[in-house]
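What follows is each chain in one-letter form.
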Amino acid sequence: MIKSDVSLKQFNTFGIDVAAHFFAEAQNEDQVRSIIESKEFLSNSNLILGGGSNILFTKDFDGIVLRNAINGIEVVKETNDYVLVKAGGGVVWHEFVLYCINQGWYGVENLSLIPGSVGASPMQNIGAYGVEIKEVFHELEAINLKTGEIDYFDNSDCEFGYRESVFKNKHKGEYLISRVTYKLKKKADFKISYGAIEKQLEAMGIQELSVKSVSDAVIAIRQSKLPDPKEIGNSGSFFKNPIVTKSLFDKVKSEYPDLVAYPSGENEMKLAAGWLIDQAGWKGKTIGNYGVHKNQALVLVNYGGATGKQIYDLSEEILISIKEKFGVQLEREVNIY
Ligand SMILES: Cc1cc2nc3c(=O)[nH]c(=O)nc-3n(C[C@H](O)[C@H](O)[C@H](O)COP(=O)(O)OP(=O)(O)OC[C@H]3O[C@@H](n4cnc5c(N)ncnc54)[C@H](O)[C@@H]3O)c2cc1C
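Here the structure is a predicted model, which is why all the values come from computation and not from measurement. The residue count restarts for each chain, going from 1 along the sequence in the order it is written. Totals for whole chains, interfaces and linings use all residues, but because this is a predicted model, local features are given only for residues with pLDDT of at least 70 and pairs of side-chain atoms are given and counted only at 80 or more. In computing side-chain values, all of the structure's heavy atoms are included and hydrogens and water are not.

1. A word on the pattern of salt bridges
By definition, a salt bridge exists where a carboxyl oxygen of Asp or Glu is found within 4 Å of a side-chain nitrogen of Lys or Arg. In the structure shown here, the tally under the stated rule is 19 salt bridges. A salt bridge links E25 to R67; the shortest N-O distance between them is 3.1 Å. Taken together, the positions of E25 in strand 2 (residues 19-26) and R67 in strand 5 (residues 61-68) put the pair 42 residues apart, joining distant regions of the chain. Each residue gets one of three labels from its accessible area relative to the maximum for its type: buried under 20%, exposed over 50%, partly exposed in between, using a 1.4 Å probe on protein chains only. The exposure class of E25 is partly exposed, given its relative accessible area of 27%. R67 gets classed as partly exposed once you look at its relative accessible area, which sits at 22%. Here E132 and K134 are joined by a salt bridge, their closest N and O atoms 3.7 Å apart. By the criteria applied, helices consist of DSSP H or I runs no shorter than four residues and strands consist of E runs no shorter than two, each listed in order from the N terminus.

So, in structure tokens, the structure goes:
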């Protein structure tokens, strides 16, 4: 069950060719427990892996990679208004979205086509087009990697924030998220004012909204804007949109009147990191076989054969240049190993 020296190239969407010293896949909770009790697990560092779409490997992983392959989707409660659906952490996120859409349930359509697994969806509170997972999240089951016991986390336990949760902070590295329960609406409640969704629906000639048409619009926008990892290695947005004080925002805005920003709580503004990176001249920059995507300054790309270290070093250069030009500190969204 536990293999040695396994290439991770096909397990990360950047397509970085590194190896894991040990590698194991778990289809259910019992298999997770037997892996975490093994000597390979107990005497090495570990990494829980989902779809590898939010990871940059900068070197071989000198420990054990445990890939979550727990499957299954089941309805645990249904009322006239909502349904609670539990999905295995290894279910592909977009397949879960399509399942909900086929059932006519509302809540995850704006999150269509985000790569990765159900188990990773609460990690960074995935979000797109004005919706975050926390809005449909009900509860999760997580296996404590030390004891093998299942702990339950409700919405407030997860301390969701912008691309944040307890699993990236105080509980980092402690759990494998084995199953997630979402609360979906049975009555229409669309969020289409964000981004280009309305325009796209119009272009598609949609007269009457449905959960399927909103999902189709989101898919079309994403396909036109983001590089497909099957064609060009990438991890989506490499950096978070920085949240800055109103006074720093005012300062940057006075120098750069076109600055793209949105209010974010009291006295803070969220700046569009892509705009800052573009203004600093990075968009489309190519260094050999890697660089910054030509249409999306937030996306770093591996055209094939780049190392994770090269991409990491490029991200470091971008961080420094944004700090120098705008006085704004960018933060990486992608997990570095
Ligand atoms: C083209 C593209 C577009 C993207 N667009 C978006 C977007 O719109 N919005 C967005 O939020 N994200 C986006 N992402 C990022 C990515 O899809 C999400 O972060 C996704 O949730 C990662 O899932 P994964 O299973 O691939 O996680 P992985 O990359 O495998 O893991 C990410 C982190 O979570 C941990 N982890 C994974 N699974 C578990 C588990 N079961 N238990 C405990 N820890 C775990 C890993 O150790 C790692 O630290 C995009 C990525 C790509 C490539």
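2. Observations concerning the nonpolar core
We call a set of buried Ala, Val, Leu, Ile, Met, Phe, Trp, Tyr and Cys residues a nonpolar core when their side-chain atoms join them within 4.5 Å. One finds L8, L276, I277, I311, I318 and L330 to be the most contacted residues of the largest nonpolar core, which totals 45 residues. Sort the elements by how many residues they give to this core and helix 9 (residues 308-326) lands first, with six residues. A contact between two residues is defined here by any heavy atoms of the two lying within 4.5 Å. Those residues in contact with I277 that lie beyond four places of it in its chain are F239, W282, K283, A297, L298, I318, I322 and L330. Among the nonpolar cores identified, the runner-up in size contains 42 residues, and Y129, Y182, I197 and I221 belong to it.

3. Description of the pairing of strand 6 (residues 73-78)
Alignment of strand 6 against strand 7 (residues 82-88), held across five bridges, turns out to be antiparallel. The residue of strand 7 that forms the bridge with I73 is A87. The hairpin formed by strand 6 and strand 7 contains three residues between the paired strands. If DSSP finds at least two bridges between two strands, the strands pair.

4. Brief notes about the site of the ligand
For this purpose, a residue is taken to be near a molecule or strand whenever a single non-hydrogen atom of the residue falls within 4 Å of it. The local shell around the ligand holds 35 residues, among which I48, G51, S53, P115 and S117 are the closest. With respect to the ligand, the backbone of N54 contributes an N or O atom lying 2.8 Å from an oxygen atom. Calculation of accessible area relied on Shrake-Rupley with a 1.4 Å probe; when residues are assessed, cover is drawn exclusively from the protein chains displayed. Here the ligand loses 95% of its free accessible area of 980 Å² to cover by the protein chains. Sorting the residues of the shell around the ligand by element identifies strand 3 (46-49), strand 8 (127-128), strand 12 (175-185) and strand 13 (233-237) as the ones contributing at least two each. Classification convention: Asp, Glu, Lys, Arg as charged; Ala, Val, Leu, Ile, Met, Phe, Trp, Tyr, Cys, Pro as nonpolar; all other residues, Gly among them, as polar. Taken together, the residues that form the shell around the ligand break down as 16 nonpolar, 16 polar and three charged. In protein, a polar contact means a hydrogen-donor-capable atom and an acceptor-capable atom, both N or O and within 3.5 Å, with residues adjacent in sequence counting only if both atoms are side-chain atoms; elsewhere, any N or O pair within 3.5 Å suffices.

5. What about the side chain of N234?
As for its placement among the helices and strands, N234 is situated in strand 13. Classification of N234 as buried rests on a relative accessible area of 3%. Within the structure, N234 has its side chain in polar contact with the backbone oxygen of I232 (distance 3.0 Å). Leave out the neighbours within four places in its chain, and N234 touches T13, F14, P227, D228, P229, V299, L300 and V301.

6. A look at the sheet that holds strand 10 (residues 137-144)
In space, the five strands of this open sheet follow the order 6-7-12-10-11, with antiparallel pairing throughout. The open sheet is flanked by strand 6 and strand 11 (150-154), the only strands paired with a single partner. Pairwise comparison of adjacent strand axes, ignoring direction, gives a mean angle of 20 degrees for this sheet. Simply put, an axis is a line fit to the C-alpha atoms, just over the touching stretch for a helix, and the angle between two N-to-C directions goes from 0 to 180 degrees. Set on the sheet, helix 1 (residues 29-36) makes contact with strand 10, strand 11 and strand 12; between it and strand 10 the angle comes to about 35 degrees. Here helix 3 (residues 93-103) sits on the sheet and contacts strand 6, strand 7 and strand 12; the angle it forms with strand 12, its principal contact strand, is near 25 degrees.

7. Concerning the sheet that holds strand 16 (residues 268-271)
Remark on secondary structure: sheet strands pair via backbone hydrogen bonds, oriented parallel or antiparallel. Taken in spatial order, the three strands line up as 14-16-15 in an open sheet, and their pairing is antiparallel. Bordering the open sheet on either side are strand 14 (243-245) and strand 15 (261-263), each of which pairs with just one other strand. The mean angle between the axes of side-by-side strands here comes to 35 degrees, regardless of whether they run parallel or antiparallel. Pairing analysis gives three bridges linking strand 14 to strand 16, with the strands arranged antiparallel. Bridging from a neighbouring strand, I243 pairs with K270 of strand 16. Helix-sheet contacts for helix 7 (residues 246-255) involve strand 14, strand 15 and strand 16, and the interaxial angle to strand 14 is about 90 degrees.

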